[in-house]
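Here is how the chains run, residue by residue.
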Amino acid sequence: MLINMNQMLTVAKKNHFAVGAYNVSNAELLKASVEQCEADNAPGIIAVHPTELAYAKDDFFAYVLQRIRNSNVPFVLHLDHGDTIENVERAIHDGFSSVMIDGSLEDWEKNVAITKETVTICHRLGVSVEGELGTIGQTGNHIKEHLQNGIYTQPDDAKKFVEETGVDTLAVGIGTAHGIYPSDVTPKIRIDILKEILAVVDVPLVLHGGSSNPDDQIAEAVKTGIAKVNISSDYKHAFFVQARKVLAEDDGWDPNNLFPTAIEAAKKVVHHKNKLFDSVGKASLYAGMKPWRSELI
């Protein structure tokens, strides 16, 4: 069943669990995330970065929509880190039920302006909008500096941002970064800041950079009130480690020989994350919900 992010996270927030958002750019990653969420009876979010959309092409998402609309568990098709109105419009054209507009690297006025414009466009069509405030850095050479000096989301700013833009969900900077952390770096999620934001903001909050963080920190963030956690690197890493292993041990290169065990490796990570987010079995809470824009199907 296809729903939008408002439908998805209203239930998650009320019932104190989080929904995993799994980035996909091909049929194998889609298979791993969708099939494991179905096996877990867990709601899921199919997230697609603009670069992933550009790679997979628009027609691929006609298949994605068909697949998740026919599923027995609820899914959202979500644009991840859209940075232009053009990206947003492309996602809407392709049938996405939710978009993120990320103006977090811009100054306050520009972030508010582009987010507000996105909300105006999307709400006319019933498409949910996620905004971002604070910075969620990239792993790599600058990760230590980011974790020490990253721009954390200020609670008063979060309240003002939600009020001025009308976003449905908000990604907050509380100490995570995208990607896999170097072995000598231990991230620290600022639960104290999260609690302060939750005290003044009513919309569901999103944690980006969910990969490679200690499980206990993620679990605490979910228990405290995070309703959506983005996962990309962790399950893709498992997928491609196994794919390389198959290629190294077997001279066969047919997809049906190469990918099955890689998909299973990715599924194990998705299952672990669903358990960590306490979303296993929670698809039942959406029973009876009307699919998004069902009148147009």
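Small disclaimer: the values here were computed from a predicted structure and weren't measured. (Residues numbered from 1 in each chain as written. Predicted model: local features only at pLDDT ≥ 70, side-chain atom pairs only at ≥ 80, totals over all residues. Heavy atoms only, no water.)

1. Thoughts on the environment of isoleucine 231
Inference 1: In this structure, isoleucine 231 sits in strand β10 (residues 226–231).
Inference 2: Take isoleucine 231: its relative accessible area is 0%, and that puts it in the buried class.
Inference 3: Once the C-alpha coordinates of isoleucine 231 and tyrosine 22 are considered, the two residues, 209 residues apart in sequence, prove to be 5.1 Å apart. (Helix = DSSP H or I, 4+ residues; strand = E, 2+ residues; numbered from the N terminus. Buried < 20%, exposed > 50% of the residue type's maximum accessible area, 1.4 Å probe, protein only.)

2. Regarding the pairing of strand β3 (residues 75–82)
Inference 1: The buried count for β3 comes to eight of eight residues, which makes it a mostly enclosed element.
Inference 2: As defined by bridge partners, strand β2 (residues 44–48) adjoins β3 across five bridges and the pair is classed as parallel. Bridge pairing in β3 links isoleucine 45 to valine 76.
Inference 3: Relative to strand β4 (residues 98–101), β3 runs parallel, the two being bridged by three bridges. Residue histidine 78 lies in a different strand from β4, and its bridge partner there is serine 98.
Inference 4: The parallel pair β3 and β4 is bridged by helix α5 (residues 85–93), and the resulting crossover is right-handed. (Pairing = 2+ DSSP bridges. Right-handed = clockwise from strand over helix to strand, strands pointing away.)

3. Digging into helix α4 (residues 58–69)
Inference 1: With twelve residues, α4 should reach 16 Å at 1.5 Å per residue; the first-to-last C-alpha distance of 17 Å fits that figure.
Inference 2: For α4, the set of buried residues is Phe60, Phe61, Val64, Leu65 and Ile68. Each buried residue of α4 sits inside an arc of 145° when the element is viewed along its axis, so together they form one side. More than 90 degrees from the buried face of α4, the exposed residues found are Asp59 and Ala62. (Expected span 1.5 Å × (residues − 1). Arc of directions from axis to C-beta.)

4. A closer look at the UniProt feature "binding site: Zn(2+) 1" (unreviewed entry) in the chain
Inference 1: The UniProt record annotates "binding site: Zn(2+) 1" (unreviewed entry) at His81, His178 and His208.
Inference 2: Here histidine 81 lies in strand β3.
Inference 3: Polar side-chain contacts of histidine 81 include one of 2.8 Å to the side chain of aspartate 102.
Inference 4: Mapped onto the elements, histidine 208 comes out in the loop between β9 (205–207) and α10 (215–224). (UniProt positions renumbered as here; feature names shortened; annotations may be inferred. Polar contact = N/O pair within 3.5 Å; in protein donor to acceptor, adjacent residues only side chain to side chain.)

5. So, the confidence of the model for the chain
Inference 1: Residues of the chain with pLDDT of at least 70 account for 87%, and the chain-wide mean is 90.
Inference 2: Below pLDDT 50 for its whole length, residues 137–149 participates in 28 contacts with residues either more than four positions away or in separate chains.
Inference 3: Contacts for the low-pLDDT stretch residues 178–182, under 50 throughout, to residues beyond four places or in other chains number 26 contacts. (pLDDT = per-residue confidence, 0-100. Contact = heavy atoms within 4.5 Å.)

6. Some words on the UniProt feature "binding site: Zn(2+) 2" (unreviewed entry) in the chain
Inference 1: In the numbering adopted here, UniProt assigns the feature "binding site: Zn(2+) 2" (unreviewed entry) to Asp102 and Glu132. These annotated residues cover 31 residues of sequence, but their C-alpha atoms sit close together, with the largest distance between any two at 5.6 Å.
Inference 2: As for its placement among the helices and strands, aspartate 102 is situated in the loop between β4 and α6 (108–123).
Inference 3: In this view, aspartate 102 contacts His81, Gly82, Asp83 and Glu132; residues no more than four positions away in its chain are not counted.
Inference 4: Structurally, the position occupied by glutamate 132 is in strand β5 (residues 128–133).
Inference 5: Since its relative accessible area comes to 1%, glutamate 132 is described here as buried.
Inference 6: Side-chain polar atoms of glutamate 132 contact the side chain of serine 104, separated by 3.2 Å.

7. Focus on the packing of aromatic side chains
Inference 1: By the definition in use, this model includes seven aromatic pairs.
Inference 2: Pairing phenylalanine 60 with phenylalanine 61 gives two aromatic rings, centres 5.2 Å apart and planes at 80°, and the pair type is edge-to-face. In this structure, phenylalanine 60 and phenylalanine 61 share a single accessibility class: buried.
Inference 3: Seen in terms of ring centroids, phenylalanine 239 and phenylalanine 240 are 4.8 Å apart; in terms of plane orientation they differ by 75°. Their pairing is edge-to-face.
Inference 4: Exposure remark for phenylalanine 239: the relative accessible area of 0% places this residue in the buried category.
Inference 5: Site record: aromatic cluster; members linked through ring pairs are Phe60, Phe61, Tyr63 and Phe96.
Inference 6: Its end group placed over the ring of tyrosine 152, arginine 190 keeps NZ or CZ at 5.3 Å from the ring centre. (Phe/Tyr/Trp six-rings, centres within 6.5 Å; stacked < 30°, edge-to-face > 60°. Lys NZ or Arg CZ within 6 Å of the ring centre and 35° of its normal.)

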